[in-house]
Amino acid sequence: MHIDLPEKRYYAIGEVAKAFDVNTSLIRFWEKEFDVLKPKKNAKGNRKFTPEDIKNLKFIYHLVKERGFTLEGAKTHLKEEKKVALNNFEIISKLEGIKTQLIKIKEHL
């Protein structure tokens, strides 16, 4: 899955939910369920997600929505194999982005 977000320091929960094509309630639920998600909150209590949070959300989304892990299975996978799995996921994500760009270039030829 390719998430199309501009490069910024912080993202609002609405932006994140729209990029992942999910409800904001799911993002808030995952925040409670997964310890790796720790968005900052401003004085009003609005969540501000960092690029690191977005990377973790991508991985959680991949495990739960694309690979069909249960929440408990995804939590276990994150704890036990986080570094290896996250590195593999980042490599796959970058390759998918390159593939998308190459397809666009091919279409313009």
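Our subject is the structure that appears above.
Residues numbered from 1 in each chain as written. Predicted model: local features only at pLDDT ≥ 70, side-chain atom pairs only at ≥ 80, totals over all residues. Heavy atoms only, no water.

> Got a sec to walk through the pattern of salt bridges? Specific residues and values, please.
Considering all chains together, one arrives at five salt bridges under this definition. The residue K8 makes a salt bridge to E15 at a minimum N-O spacing of 2.7 Å. A relative accessible area of 34% means that K8 is categorised as partly exposed. Under the relative-accessibility criterion, E15 is labelled partly exposed at 28%. Put simply, E33, E72 and K75 are held in one network by salt bridges that share partners. (Salt bridge = Lys/Arg side-chain N within 4 Å of Asp/Glu carboxyl O. Buried < 20%, exposed > 50% of the residue type's maximum accessible area, 1.4 Å probe, protein only.)

> I'd like a rundown of helix α3 (residues 51–66), residues and numbers included.
Quick reminder: α-helices carry 3.6 residues per turn. Residues three or four places apart thus point the same way. Taking 1.5 Å as the rise per residue, α3 with 16 residues should run 22 Å; its terminal C-alpha atoms sit 21 Å apart, in good agreement. If you check which residues of α3 are buried, you get D53, I54, N56, L57, F59, I60, Y61, H62, L63 and V64. Following α3 by one or two positions, G68 has its phi on the positive side, about 80 degrees. (Helix = DSSP H or I, 4+ residues; strand = E, 2+ residues; numbered from the N terminus. Expected span 1.5 Å × (residues − 1).)

> Describe the packing of aromatic side chains, listing the residues and the values that go with them.
Centre distance and the angle of the planes are the two values used to describe a pair of aromatic rings. Following the criterion strictly, the structure yields two aromatic pairs and no others. Aromatic pair F20 and Y61: ring centres 5.7 Å apart, planes at 50 degrees, arrangement tilted. Within this pair, whereas F20 is found in helix α1 (residues 13–20), its partner Y61 is found in helix α3, the two being separated by 41 residues in sequence. Classification of F20 by relative accessible area gives buried; the value is 1%. One aromatic cluster is present, built from ring pairs that chain together F20, W30 and Y61. (Phe/Tyr/Trp six-rings, centres within 6.5 Å; stacked < 30°, edge-to-face > 60°.)

> Could you give an account of the nonpolar core, with specific residues and numbers?
V16, I27, W30, F49 and L57 are the most contacted members of the largest nonpolar core, which totals 24 residues. Of all the secondary structure elements, the ones that give two or more residues to this core are α1, α2 (24–33), α3 and α4 (71–108). At seven residues, the largest contribution of residues to this core is made by α3. (Core = buried A, V, L, I, M, F, W, Y, C linked by side-chain atoms within 4.5 Å.)

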